[in-house]
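Topology and contacts: notes
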Amino acid sequence: MIVVTGATGNVGRPLVQALAAAGEQVTAVSRGVSDAAVPEGVRYRQADLTDPESLQPVFDGADALFLHDTGAGAHLLSPRDILDVAKAGGVGRIVLLSSIGIATRPQSASHGGTGRSFDSAVRQSGMGWTILRPGGFDSNAYAWVESVRARRTVAAPFGDVGLPTIDPADIAEVAAAVLREDGHAGQVYELTGPALSTPRQQAEAIGDALGEPIGFIEQTRDEARAQMLQFMPEPVVGTTLDILGEPNPAEQRISPDVEQILGRAPRTFADWAQRHIAAFR
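Residues numbered from 1 in each chain as written. Predicted model: local features only at pLDDT ≥ 70, side-chain atom pairs only at ≥ 80, totals over all residues. Heavy atoms only, no water.

Summing up its helical and strand segments, the chain has 13 helices and 9 strands in all. Taking 19 Å as the expected radius of gyration for a compact globule of 281 residues, we find that the chain reaches 19 Å, a close match to that expectation. Along the three orthogonal principal directions, the C-alpha set of the chain runs to about 55 × 40 × 35 Å. Across the 281 residues in the chain, those meeting the buried criterion constitute 49%. (Helix = DSSP H or I, 4+ residues; strand = E, 2+ residues; numbered from the N terminus. Rg over C-alpha atoms; globule rule 2.2 N^0.38 Å. Buried < 20%, exposed > 50% of the residue type's maximum accessible area, 1.4 Å probe, protein only.)

This is the structure:
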């Protein structure tokens, strides 16, 4: 049985679907999961990574775990405690969804601390581990839904700075392969899209999918910071703006890992926009 934490998220949801379609026994875990959120035949459990007692019954009989590091400051329970509960339940294989920032910005407030703790705990867990390190998600464009619906505009900083953002569905397919196949133990995979994509290009791709022009408004760093502080902690905002505005070569590198694992190129942002355009109508 495979346990998937964060099962209702942008990666967890398609991962649960992929594993179920492959005939795997799956337990979908989230604080708000319900039978309506998972495919037929998938067991679901409401649990909290901050509460070890809620996790114990989740792992009974499990042999593999997909663990989503949800970010700095999110966990009151230490990573080692979570892994101890999983190991006691029978888990022998773990796939950690981490972030490329662990490697590219190890000293930053948003990518240090909890992120490094999870990496370290997984490596020292005694289980067969694999770490996935994606960069930015294509689904971050959901932040533009309201402005696209209301005004057919996108506002973002650094309009012509490109990053190799990735479709969360590709992350999910990689995770499914790594959870089901041998040969990935002890590996760290960097997951990116197939090309650099700028905010201006992403706005154009959404417009193409809609069949209507989308205006692009370039924000200043201060304007973007004020907006992001409404839903992100200040250290995360600072690091995010640094990456968006002045990415280092490692953050702009296009990784071959998705193609090597899946046997196909990763999807483009335009592919993501076409599949999710209903959200922007």
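It is worth spelling out the packing of aromatic side chains at this point. Tallied over the full model, the rule gives 4 aromatic pairs. Here the aromatic rings of Tyr142 and Phe280 are separated by 6.2 Å at their centres, their planes lie at 15°, and the arrangement is stacked. Within this pair, whereas Tyr142 is found in the loop between β6 (128-134) and α6 (145-151), its partner Phe280 is found in the segment after α13 (269-275), the two being separated by 138 residues in sequence. Given a relative accessible area of 0%, Phe280 falls into the buried group. A connected cluster of aromatic rings, assembled from ring pairs, spans Tyr142, Phe269, Trp272 and Phe280. (Phe/Tyr/Trp six-rings, centres within 6.5 Å; stacked < 30°, edge-to-face > 60°.)

Right, let's talk about the pattern of salt bridges for a bit. Considering all chains together, one arrives at 15 salt bridges under this definition. Between Arg180 and Glu24 there is a salt bridge; the shortest N-O distance is 2.8 Å. Separated by 156 residues along the polypeptide, Arg180 in helix α7 (residues 168-180) and Glu24 in the loop between α1 (12-21) and β2 (26-30) bring together distant segments of the chain. Between Arg105 and Glu251 there is a salt bridge, with the nearest N and O atoms lying 2.7 Å from each other. (Salt bridge = Lys/Arg side-chain N within 4 Å of Asp/Glu carboxyl O.)

Another point: the nonpolar core. In this structure, Val4, Leu15, Leu19, Phe66, Leu132, Leu179 and Leu191 are the most contacted members of the largest nonpolar core, which totals 32 residues. The dominant element in this core, judged by the number of residues it contributes, is α7, at 8 residues. Counting 24 residues, the second largest nonpolar core, distinct from the first, contains Ala47, Ile82, Leu83 and Leu96. (Core = buried A, V, L, I, M, F, W, Y, C linked by side-chain atoms within 4.5 Å.)

Computed from the structure, the second largest pocket encloses a volume of approximately 200 Å³. Along the wall of the second largest pocket there are 14 residues; nearest its centre are Asn10, Pro14, Tyr142, Pro168 and His276. Only α1, α7 and α13 provide two or more residues apiece to the lining of the second largest pocket. When its residues are assigned to classes, the lining of the second largest pocket shows 5 nonpolar, 6 polar and 3 charged. (1 Å grid on protein atoms, 1.4 Å probe; cavity = no way out; pocket = protein on both sides within 12 Å on 5 of 7 lines; lining within 4 Å. Points joined across faces, edges and corners; volume = space filled by probe spheres on them. Nonpolar A, V, L, I, M, F, W, Y, C, P; charged D, E, K, R; others polar.)

The next point concerns unusual backbone geometry. Even without being a glycine, Arg152 presents a positive backbone phi close to 55°. For Arg152, the position within the fold is in the loop between α6 and β7 (153-157). Despite not being glycine, Phe158 shows a phi value in the positive range, around 55°.

Attention now moves to the side chain of Ser255. Looking at the secondary structure, you find Ser255 in the loop between α11 (249-252) and α12 (257-262). Judged by its relative accessible area of 6%, Ser255 is buried. A distance of 3.1 Å separates a polar side-chain atom of Ser255 from the backbone nitrogen of Asp257. Contact partners of Ser255, with chain neighbours within four places excluded, come to Glu190 and Thr192. (Polar contact = N/O pair within 3.5 Å; in protein donor to acceptor, adjacent residues only side chain to side chain. Contact = heavy atoms within 4.5 Å.)

Between its first and last C-alpha atoms helix α8 (residues 199-210) spans 17 Å; for 12 residues at 1.5 Å apiece the expected length is 16 Å, and the two agree. Against α6, β7, β9 (215-219) and α13 lie the buried residues of α8. Gly211 sits one or two positions beyond α8 and adopts a positive phi of about 80°. (Expected span 1.5 Å × (residues − 1).)

Here we come to the environment of Ser197. Relative to the elements of secondary structure, Ser197 occurs in the loop between β8 (187-191) and α8. In this structure Ser197 comes out as buried when scored by relative accessible area, which is 13%. If sequence neighbours within four positions are ignored, Ser197 has contacts with Val161, Gly162, Leu163, Thr165, Gln202 and Phe269. A distance of 3.3 Å separates a polar atom in the side chain of Ser197 from a polar atom in the side chain of Gln202.

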